[in-house]
Amino acid sequence: MPFTRRFMFASTLGAALVLAASSALAQGSTFRLVPSSDLKVLDPVWTTAVVTRNHGYMIYDTLFGTDAKGRIQPQMVESHSVSSDGKSWTFKLRAGLAFHDGQPVTAEDVLASLARWAKRDPMGQRMYAVLDKAEAVSAGSFRLVFTEPYGVVLESLGKPSSLVPFIMPKRIADTPADKQIAEHIGSGPYVFKADEFRPGERAVYLKNDKYVPRTEAPSGTTGGKTVKVDRVEWVVLKDAQTQVNALVNGEVDMLESVPFEHYNALKANNRITTAAAAGGQYLLRFNHLVPPFNDVRVRQAAMLSMNQDALLRTQVGIPELYKTCMSVYPCGSPLASTKSLGFTDKPQFAKARELLKAAGYKGQPVVLLHATDNSLLAKLPPVVAQLLRQGGFTVDMKSMDWGSVVARRAKKEPASQGGWDAFVTYWGTEDALNPINYAPLSANGEAGWFGWASDERLEQLRSAYARATTEAQRKQLADDIQVRAYEIGAFAPMGELLRPVAFRKGVVSGVLVGATNVYWNISKP
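Calculation notes
- All chains use their own residue numbering, which begins from 1 and follows the written sequence.
- Local features in this predicted model are restricted to residues whose pLDDT is 70 or higher, and side-chain atom pairs enter the listing and the counts only when it is 80 or higher, whereas totals over whole chains, interfaces and linings include all residues.
- Derived side-chain values reflect all non-hydrogen atoms in the structure, with water molecules and hydrogen atoms excluded from consideration.
- Strands are runs of DSSP state E lasting at least 2 residues, helices are runs of H or I lasting at least 4, and numbering of each runs from the N terminus.
- For a compact globule the rule gives 2.2 Å times the number of residues to the power 0.38, and the radius of gyration it is set against comes from C-alpha atoms.
- Working rule for contacts: check all heavy atoms of both residues, and any pair within 4.5 Å makes them a contact.
- The Shrake-Rupley method, run with a 1.4 Å probe, gives the accessible areas here. Residue values count only the displayed protein chains as cover.
- The charge count includes Lys and Arg as positive and Asp and Glu as negative, but it does not include His or the ends of the chains.
- Where a charge lies is defined by one atom per residue type, namely NZ (Lys), CZ (Arg), CG (Asp) and CD (Glu).
- The classification of residues rests on relative accessible area computed with a 1.4 Å probe and restricted to protein chains. Under 20% of the type maximum is buried, over 50% is exposed, and intermediate values are partly exposed.
- Strands are labelled as partners when DSSP assigns at least two bridges between them.
- Note on geometry: axes are C-alpha line fits, over the in-contact stretch for helices, and angles between N-to-C directions span 0 to 180 degrees.
- Cavity and pocket criteria rest on a 1 Å grid covering protein atoms alone: a 1.4 Å probe that fits but cannot get out defines a cavity, protein on both sides within 12 Å along at least 5 of 7 lines defines an open pocket, and an atom within 4 Å of a point defines a lining residue.
- Grid points are joined across faces, edges and corners, and a volume is the space filled by probe spheres set on the points.
- Salt-bridge detection follows one rule: a side-chain nitrogen of Lys or Arg within 4 Å of a carboxyl oxygen of Asp or Glu.
- Two cysteine sulfurs form a disulfide in these notes if their separation is within 2.5 Å.
- Known as pLDDT, the predictor's confidence for each residue is given on a scale from 0 to 100.

Engineer: Provide a residue-level description of the overall build of the protein chain, including the pertinent values.
Structural biologist: The secondary structure content of the protein chain amounts to 15 helices and 17 strands. Relative to the compact-globule value of 24 Å for 525 residues, the protein chain shows a C-alpha radius of gyration of 24 Å, a close match. Counting only C-alpha atoms and orienting by the principal axes, one finds that the protein chain spans roughly 75 × 70 × 40 Å. Excluding contacts between residues fewer than 6 apart, the proportion of contacts in the protein chain whose partners are at least 24 apart in sequence is 73%. For the protein chain, the accessible surface area stands at approximately 21,100 Å², while carbon and sulfur atoms represent 52% of it. The average position of the 60 basic charges and that of the 50 acidic charges among the side chains of the protein chain differ by 4 Å.

This is the structure:
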């Protein structure tokens, strides 16, 4: 038997064994999902991995959430009030909140959870930097008092992604932030079955019969988290074709992320429903520390060289799943802006070459990192390289696996010493909804995100946004932040995409399609 055929047979057999074992354990109504990646880390404060975030939403609850329109809504909180000076925020919890071990959720649990989250999350760190005190008012209410008015308290507590401030029992939340938690108990709609967890194979969740959902309709990460199945199984199948076969054959009920190359076939299958769900943005990030991208004119020349339609057509290839967008915030979101200083989604090569000449660029090679094994990104760097060359750059594209890209992009040395000059990446829509949470907009130098942009004005604007108390103020500051990001050439936006999901038609209903993957409200006969 040839090697390729042997490998495919082993892969299919392994998948069948996992599904068989999973089926044997199932009781009652069971919903089977293929997650976008293997669940390896269970601590949602430890990593920004999407699969860990999704695991968090299964078993934990949040004080606030973000609805499908990007608005912050209460979740565990029943009501809140703000002092006239904008410094003191008091929150009352909903009645009947309880952890999976039967213990009631108290203000002390909330305060311990927030304190641990804030040690690792950039938005939490910024909020706690101006926090004077956090105190329990009663068992069911707490207060946050700031040294100055802080306008994004709710956005911080209700952020939908990386990192989400999930609420845990105090004894678990007291785990040091540099150590992973050992227990996985929340107050959310599902209970994690730790005894059935098999990394690389499956994760299992049972309906939390004691969970009391809100009465509002579900929307985004807010509203009524009503569980309509007894059991949810995450079945790990790493091969794309095996995933598709398992769905079509009814062995699993849903694919959390459909590979673009299989989308049209699944869409044409009358037994499958496809939907465009989680969205995101592509961008080209520069190393601001070393030549040639330490010169703003060179960064802007690269921005002028981008052709969003060509990039998206090559990587995604399905018009209904992508669109050009020059806003640094998701197009269609509350902060979306059209102010782009003359930069457009189409290339302007002549202007790019003029800027390179003015900057004294002598044709030194630009090292562009290329992750060949990341299906969401792999086709983009070769096109970026071609566009940069048309804009007057000499490009040296280095191909490697995604793990090597992640390791190399952390190096601050020049490319000639093992560093880098530019890389392509992807950010989920939910991470880019505001300028405080969106890491590519950080400009605090070597303490910031990879690329290490440094600009005092941009940081001042971001701080002002955090202090703003009205939507009008925040919208104006968001516009100013976008303009400043373009002025300093923080990164080159490369358009938006939608990542499709697929599930069994007539078998699965109630799927909440949105920017964040959540699995309540789903029904299955």
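Engineer: Outline helix α12 (residues 380–390), listing residues and values.
Structural biologist: Those residues of α12 that sit buried are Leu380, Pro381, Val383, Val384, Ala385, Leu387 and Leu388. Following α12 by one or two positions, Gly392 adopts a phi angle in the positive range, close to 110°.

Engineer: Now, about the sheet that holds strand β6 (residues 131–138): what can you tell me, with residues and values included?
Structural biologist: Read across the open sheet, the four strands follow the order β4-β5-β7-β6; overall the sheet is antiparallel. The sheet is open, and its two borders are formed by β4 (77–82) and β6, each paired with just one other strand. For this sheet, the mean angle separating the axes of adjacent strands, direction not counted, is 15°. Strand direction decides the pairing type here: strand β5 (residues 88–93) and strand β7 (residues 141–146), joined by five bridges, are antiparallel. Looking across to β7, one finds that Lys92 is bridged to Ser141.

Engineer: Describe in detail empty space enclosed by the protein, supporting the description with residues and values.
Structural biologist: Tallied over the entire structure, the rule returns six cavities of 30 Å³ or more. By volume, the largest cavity amounts to about 70 Å³. Every residue along the wall of the largest cavity is listed here: Met254, Ala277, Val501, Val511, Leu512, Val513, Gly514, Thr516, Asn517, Val518 and Tyr519.

Engineer: Break down the pattern of salt bridges for me, citing the residues and quoting the values.
Structural biologist: All told, the structure shown has 33 salt bridges when counted by the stated rule. Between Asp195 and Lys193 there is a salt bridge, with its nearest N and O atoms 3.4 Å apart. Across the salt bridge formed by Asp309 and Arg313, the nearest N and O atoms sit 2.3 Å from each other. Taken together, the positions of Asp309 and Arg313, both in helix α10 (residues 308–315) and four residues apart, correspond to about one turn of that helix. The structure contains a network of salt bridges with shared partners spanning Arg32, Lys193, Asp195, Glu196, Arg231 and Glu233.

Engineer: Could you give an account of the state of the cysteines, with specific residues and numbers?
Structural biologist: As enumerated under the stated definition, the model contains one disulfide in all. Between the sulfur atoms of Cys325 and its disulfide partner Cys331 the distance amounts to 2.0 Å. Taking the sign of the S-S torsion, 90° for the link of Cys325 and Cys331, the bridge is right-handed.

Engineer: If you had to explain the confidence of the model for the protein chain to someone new, which residues and values would you point to?
Structural biologist: For the protein chain, the average pLDDT comes to 92, and 95% of its residues sit at 70 or higher. For residues 1–15, every residue scores under 50 in pLDDT, and the model assigns this stretch five contacts once sequence neighbours within four places are set aside.

Engineer: Can you tell me about α10, naming the residues and giving the values?
Structural biologist: Among the residues making up α10, those that are buried are Gln308, Ala310, Leu311, Leu312 and Gln315. Those residues of α10 hidden inside the fold are in contact with α8 (260–268), β12 (272–286), β13 (322–323), α12 and β17 (491–504). Positive backbone phi, approximately 80°, marks Gly317, located one or two places after α10.

Engineer: Could you give me a rundown of unusual backbone geometry, with the residues and numbers involved?
Structural biologist: In this model, Ser162 is joined to Leu163 through a cis peptide bond whose omega is -10°. Turning to its location among the elements, Leu163 is positioned in the loop between α5 (153–157) and α6 (170–173). Cis geometry is found at the peptide bond from Pro291 to Pro292, where omega equals 0°. Tracing the backbone through its elements, the reader meets Pro292 in the loop between β12 and α9 (296–304). Despite not being glycine, Leu341 shows a phi value in the positive range, around 55°. With respect to the helices, strands and loops of the structure, Leu341 is situated in the loop between β13 and α11 (349–359). We classify Leu341 as partly exposed; its relative accessible area is 47%.

Engineer: For the pairing of β17, give the residues involved together with the corresponding values.
Structural biologist: Of all 14 residues in β17, eleven are buried, a share of seventy percent or more. Judged from the two bridges that link them, strand β11 (residues 254–255) and β17 form a sheet pairing that is antiparallel. By the bridge assignment, Met254 is partnered in β17 with Phe503. Where β12 meets β17, eleven bridges bridge the pair, whose relative direction is antiparallel. Note on β17: the bridge partner recorded for Gln281 is Glu496. Sheet topology note: the β13/β17 ladder contains two bridges and is antiparallel. Looking at β17, one finds that Lys323 is bridged to Glu496.

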